[in-house]
Amino acid sequence: MPNMSLEKVPMPEQEPNVRNKNFKEVTLGYTEEMAVEEAQRCLNCKHKPCMQGCPVMVKIPEFIALVAEGKFEEAYKKIQETSSLPAVCGRVCPQENQCEKFCVRGIKGEPVAIGRLERFVADWYMENCKSVSEKPESNGKKVAVVGAGPSGLTCAGDLAKLGYKVTVFEAFHTPGGVLVYGIPEFRLPKDIVAAEVNKLKELGVEVMTNMVIGKVLSVEELLNEEGYDAVFIGTGAGLPSFMKIEGESLNGVYSANEFLTRINLMKAYLHDYDTPINRPKSVAVIGGGNVAMDAARSAKRLGAEKVYIVYRRSEAEMPARLEEVHHAKEEGIIFQLLHNPVAIHGDEEGHVTAIECVKMELGEPDESGRRSPIVVEGSNFNLDVDTVIMAIGNSPNPLICQTTEGLEDRRGCIVVDEHMKTTRDGIY
Ligand code: SF4
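Residues numbered from 1 in each chain as written. Predicted model: local features only at pLDDT ≥ 70, side-chain atom pairs only at ≥ 80, totals over all residues. Heavy atoms only, no water.

1. Here's the deal with helix 10 (residues 190–202)
Over its 13 residues, helix 10 extends 19 Å from the first C-alpha to the last, a length consistent with the 18 Å expected when each residue adds 1.5 Å. Burial in helix 10 covers these residues: Lys 190, Ile 192, Val 193, Glu 196, Val 197, Lys 199 and Leu 200. Of the surrounding secondary structure, the elements contacted by the buried residues of helix 10 are helix 5 (72–80), helix 6 (86–92), helix 7 (114–128), helix 8 (150–161), helix 9 (178–181) and strand 3 (206–208). Phi for Gly 204, located one or two positions after helix 10, is positive at around 105°. (Helix = DSSP H or I, 4+ residues; strand = E, 2+ residues; numbered from the N terminus. Expected span 1.5 Å × (residues − 1). Buried < 20%, exposed > 50% of the residue type's maximum accessible area, 1.4 Å probe, protein only. Contact = heavy atoms within 4.5 Å.)

2. Considering the site of the ligand
Taken together, Cys 42, Leu 43, Asn 44, Cys 45, Pro 49, Cys 50, Pro 61, Cys 103, Val 104, Arg 105 and Ile 114 are the residues near the ligand. Classifying every residue of the shell around the ligand gives nine nonpolar, one polar and one charged. (Near = heavy atom within 4 Å. Nonpolar A, V, L, I, M, F, W, Y, C, P; charged D, E, K, R; others polar.)

3. So, the sheet that holds strand 4 (residues 230–233)
One open sheet holds the four strands; their spatial order is 3-2-1-4, and the pairing between them is parallel. In the strand order of this sheet, the two ends are held by strand 3 and strand 4, each with one partner. In this sheet, neighbouring strand axes are inclined to one another by 20° on average, regardless of whether the strands run parallel or antiparallel. Note: strand 1 (residues 142–146) against strand 4, four bridges, orientation parallel. Pairing of Val 146 across the sheet is with Ile 233, part of strand 4. (Pairing = 2+ DSSP bridges. Axes fitted to C-alpha atoms, helices over the stretch in contact; angles between N-to-C directions.)

4. A word on the state of the cysteines
Here, the word disulfide means a covalent bond between the sulfur atoms of two cysteines. Scanning the entire structure with this criterion turns up zero disulfides. With no disulfide of its own, Cys 93 has Cys 89 as its nearest cysteine by sulfur position, at a separation of 4.0 Å. (Disulfide = S-S within 2.5 Å.)

5. Some thoughts on the nonpolar core
Counting 61 residues, the largest nonpolar core has Ile 60, Phe 63, Val 67 and Leu 117 as its most contacted members. Of all the elements, helix 7 adds the most residues to this core, at seven residues. Residue contacts for Val 67: discarding those within four places in its chain leaves Ala 35, Val 36, Ala 39, Phe 72, Ala 75, Leu 117 and Val 121. In terms of nonpolar packing, the next biggest core, distinct from the first, is built from 30 residues, Ala 268, Val 283, Val 307 and Ala 320 among them. (Core = buried A, V, L, I, M, F, W, Y, C linked by side-chain atoms within 4.5 Å.)

What follows is the structure in structure tokens.
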């Protein structure tokens, strides 16, 4: 008999007023009993609608059925058939817009907690199964993957399973890309990322760090001198955008990228690390996406008394995951919605003292379908802050395009066909 509860089995988490002072993971994961109970909510639908929403086509009903029977190792192997990073995806994929969005249990009540179950299975396997993955038989081909972020690691894992010899080239000293420099420890512990990378190494994937492709070696050299048959470019979007308003060069203005990299990758939150960072008292984070929530929640954990999210639209238009907005509110982040910054002010020594904002109201929908914000004339006011963090988006680093012949790009993004092939043979 399926479990017909309309609600997901709740996942334990740290109390808001405890967790907003530490960087440990907020959510604590299911126990075996909780996972079995939640798995029993799945109806094992014949047409598998949930799979339509999964970019890597995880065999969702099959793995959940195995969880319901308590066969956790088999469930892990089922997920692993199509996914290389289950412990990561179970934590940070936006399931509400992917698999869970299509779950029939979501029609009357909450969908099956597919993400939580994926996380449980991956964590259970790491904890209980120490077996080393077998290296697949070689097919004699070599592929270079540029960038050890989620895209590069997934590609490396899929190719390794097919018998390719894969080398991943990473610019930083640690593999993981945005999983290690961008997403904070309290959402995705770094030992989880390291464990997933180790699983790929067991499959034979080689990871070379401190290798900036386009500087140390070019894509041309990888293809023509280093003997790679193909190159996959997964360099992500690491170039932060700014608003181009007065005062953005003052001390205390960060891109969210820099602020989060200092905290996550360079461990600025630990007192025994000497990474410099403002330990702010009052912070304005500009933007309404997941990165803005991460920056705001990190600033709170660094000890800031007041942390504002300044966003020019209303909560309904915020691109951040509902769960992240909910957690941020619980932790005491103040939402200044329908507000937009117009200038940042500083003192004589060049330190931020305030951000000047205007109030906004919503007009007609724009090309994205969201209602456009319109300035309320004469509504300017100052918000006293000592730090401003810009979290308004990123674009790709142009280095690969600038150093590789024949790669067509459109507004900084490499042009690809439906098979992810670029305009150069052998480069994907
Ligand atoms: Fe289970 Fe929901 Fe998928 Fe149906 S749609 S198989 S209930 S997870």
